[in-house]
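# Geometric and topological summary
Okay, here's what each chain looks like letter by letter:
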Amino acid sequence: MAEKSSELHGLEQGQSPGPTEATLRPADRMPSPDLISWPGRSPEANQAYGISDPLRITYLLVMEDERLDRMTAFQGFGRGWWLLIWALYQLAELPAQVLEPTWPLDSLLRQRIGGASGLSWMPIMASALDSLMLDEVGFCVVMFTGTEPAARRAAAWAARQPRPVLHVSSIATPRTMTPDAMNLIVLRDHCRAVYQAHGGEISPDRRARALEAIEAWTPRQPVSIDLDELGHNCTTPNHMVLRRAGRSLGEGIPHWSSIDEDAYTAAILASATAVMDVRKAVGTSNVNRLFVPLPKIVLTEPALFRFAYGRGDSRGTSLAPATVMMIRRMQQQKGLAHLIEPKQLSMLEHDGEWQGAVAERQTETAVQTAGVGLMAAQSCAAVVRLRPEVNHVFPRLSEFARNIRAVNPHARAKSPQLLQRLQDALARAVGPERIDFVRRYGGPVRIVSDAPLELLPIDGLPLALRYDTSRINATPGNLMMGELAGRVPITVDYRDLLHVLVVSSFNEDDQLRDFMREALDQLEEVRPGEFTIDFRRVTTVDEFVEVVNGSTAPIMIFDGHGVQDDGRGLGGLRIGGQTVDIWRLRDRMRCPPIVILSACDTHGLDAPSHSTVGNSFLAVGASTVLATVLPVGGREGALFIYRALLHLAGFVPAAIEVRMRLISWTEVMAGVLRLSLAKDVLDHLTRRGVLPDESDRAIFRGVLRSVLDADSDWFETMMGSGHRTGTDIRSHDCHPKRWPSLPLRWP
């Protein structure tokens, strides 16, 4: 599941907010949006762009329009990113709003850890910028550009706006500020000019508060910490986090490297531990109950496009042998330490063509490093860089997936064994030191990688079942950077999410056609009148688009067949007898913020490319997508949806009450997965006569309480509960590896 954060106090018809992670709160505790209007701004702009707060500073990274065939070769970044990497580093040290520089540092950090005071920044193509008015972007706006065409168009756009826009560019012009000259004082002067000249467009009290704060802006005196600044991509994200947390590092060692893999592990964990020390020092306060806990650990590893790992045939290629050799090294790399044989070094000395390929890959890695660092800096999260070896578990992943799909039930009996091999391979690739770090500090965890780290075993339980876990895929790079971009959190009343659109595309003669309808009918019997469910059948793509566009439901559930990419770059949904590429509907369809896919292989474990249904829904505007990584049966899928919706109506309000704070969509879905697994295990043991009648209900209530309390040891709670009934559950084969259908098909 891939998610991001932004702010929304309710959804208007047809809106498609940017990447978000929704947070839920009871209606009686929900504050008024307190929207401030000024000439030229519509209520729709307030909601869609999250600019209800005129004290917030909006940062735009403006790039030239680029064709898809011009993206970088290995990971799919727009080439404009490299020319704006300096802006990502600058953003990590700039305030999110005009009051922020006057707040005590520890109070500010507690807010960030709790999910507040995040930067509002976004990448935007010059053509898209041309279609916007300043009032649709923000009150106080700063732009960054890195190429002459982008700088020219951005300057022309700024000149048409009713308020001044600060333009920082590496292209020197009379109307731009150079990156070296940009600092807190320059930003202060710009904000002062905006609020002095245009403060009449907002409420007098906010204008007065803004100007009072701006006059008090002064650079903070950083707190020194005992951590050398090793100049390497593996530590840079944590250095960005620490600087934003007001810390200064020790001795700088530019271009640091080592031939010892253990040295990289030690450096990564030392920098990550320094971040966790900051979090521990500032602590938490009651204000954190107003916000959701953002991930405290980010696990990240750059990746190549899946097809780029193929060895291919170098015969007849126009590439020089040295270039082929270096590309193979990138494909086969498993560690962070680089060793090269004398023969290979000799090849490089006699041919310089390889430098272009290596420079391209270095650029991609540097951009992901800066993007992840900027995201982590918003919540003072520790970044743990992994090893390229995690990207080499895909052969075992494919073996496991093929076995799950096997028609022969005897063949499928090997699935638990294959899953264990896969998890063992993941554990070796990640390494015991990093696993110990995750175990020591716990979740929530965010994954920025293509590797299936949700399956990483933590004390015998997959990571996604042990801790609240969300995902951002590393490929394609442009989509990843869009997901990393900052947004203000969306906050909604949980009851708003009980309005659900269910779109079913099964043919009339399909034996799976009625499972979902029957499950929803049963849901209405159990919770009468609580849900507003729009169940619609579609037989054509046009009907599908019309139904989705005509719905105001914040959640869409797709019930039908999924088709995994067959290697030709097309993964889609079956509608009306054809495979539909969701990405191609981007100009026609307004995507709901939450999409749940009850269809096979919508983000396949062994998909040959990044072109999955799940990624496509994110690309066309979904805030969060729950996708399937393996085939899912019609009855199984309907049961999961039944449980998920029941969870929204029952578990969510209880969790809000017990935890006395907002809860995130990630927490909601994590609860669904844990309780579904617990129910399956207990039902299985009851059917086998292992548990006495009715005892499973008592055990399940204990598990429910553990999950409500956000206890990461919920599974151990269930396993130990059998003693009250005189049954040792541990002696029976009910480990999660025996239940691959649930945790693996609904990541």
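What you are looking at is a predicted structure, and each value in this text was computed from that prediction instead of being measured.

Moving on to the nonpolar core. Of all hydrophobic cores here, the largest spans 118 residues; its most connected members are Y59, V98, W121, F144, L187 and Y195. A per-element tally of this core places helix α9 (residues 261-282) first, with 10 residues. Formed by 55 residues, the second largest nonpolar core is a distinct cluster that contains I490, Y494, V500 and F651.

Looking now at the sheet that holds strand β15 (residues 469-472). One open sheet accounts for four strands, arranged β11-β10-β12-β15; its pairing is parallel. Looking at which strands have only one partner, the edges of the open sheet turn out to be β11 (382-385) and β15. Strand-to-strand twist across the sheet, computed as the mean angle between neighbouring axes with direction ignored, equals 20 degrees. Here strand β10 (residues 297-300) pairs with β11 via four bridges, running parallel.

The next thing to look at is unusual backbone geometry. Here G443 and P444 are connected by a cis peptide whose omega angle stands at 5 degrees. If you trace the backbone, P444 turns up in the loop between α16 (432-441) and β12 (445-448). T475 connects to P476 through a cis peptide bond whose omega is -5 degrees. In this fold, P476 is placed in the loop between β15 and α18 (477-484). With a phi close to 55 degrees, C380 is a non-glycine residue in the positive phi region. Relative to the helices and strands, C380 resides in the loop between α12 (354-379) and β11. Notably, D459 is not glycine yet its phi reads approximately 55 degrees, a positive angle. Following the sequence through the fold, D459 ends up in the loop between β13 (457-458) and β14 (461-462).

For the pair helix α22 (residues 634-659) and helix α23 (residues 665-687), the least separation of the axes is 9 Å and the interaxial angle reads 115 degrees. Crossing geometry of α22 relative to α23 is assigned as right-handed. Facing F640, R643, A644, H647, L648, F651, V652 and R659 of α22, the residues of α23 in contact are W665, E667, V668, G671, V672, L673, L675, S676, K679, D680 and D683. Grouping the constituent residues of the contact of α22 with α23 by class yields 10 nonpolar, three polar and six charged.

Looking now at the packing of aromatic side chains. On inspection of all chains with the given rule, the structure shows seven aromatic pairs. Between F437 and Y441, the aromatic rings sit 4.8 Å apart at their centres with planes inclined by 55 degrees, giving tilted as the arrangement. In this pair, F437 and Y441 are both assigned in helix α16, four residues apart and thus about one turn of the helix distant. Their ring planes at 85 degrees and their centres at 5.5 Å tell us that W714 and F715 sit as a pair that is edge-to-face. Residues W714 and F715 agree in their burial class; the two are buried. By the ring-pair criterion, three or more aromatic residues cluster together here, those being Y59, W86 and F144. Note that R517 overlies the ring of F535, its terminal NZ or CZ placed 4.6 Å from the centroid.

Conventions used here
- Residues numbered from 1 in each chain as written.
- Predicted model: local features only at pLDDT ≥ 70, side-chain atom pairs only at ≥ 80, totals over all residues.
- Heavy atoms only, no water.
- Core = buried A, V, L, I, M, F, W, Y, C linked by side-chain atoms within 4.5 Å.
- Buried < 20%, exposed > 50% of the residue type's maximum accessible area, 1.4 Å probe, protein only.
- Helix = DSSP H or I, 4+ residues; strand = E, 2+ residues; numbered from the N terminus.
- Pairing = 2+ DSSP bridges.
- Axes fitted to C-alpha atoms, helices over the stretch in contact; angles between N-to-C directions.
- Left-handed = near helix turned anticlockwise from the far one by under 90°.
- Contact = heavy atoms within 4.5 Å.
- Nonpolar A, V, L, I, M, F, W, Y, C, P; charged D, E, K, R; others polar.
- Phe/Tyr/Trp six-rings, centres within 6.5 Å; stacked < 30°, edge-to-face > 60°.
- Lys NZ or Arg CZ within 6 Å of the ring centre and 35° of its normal.

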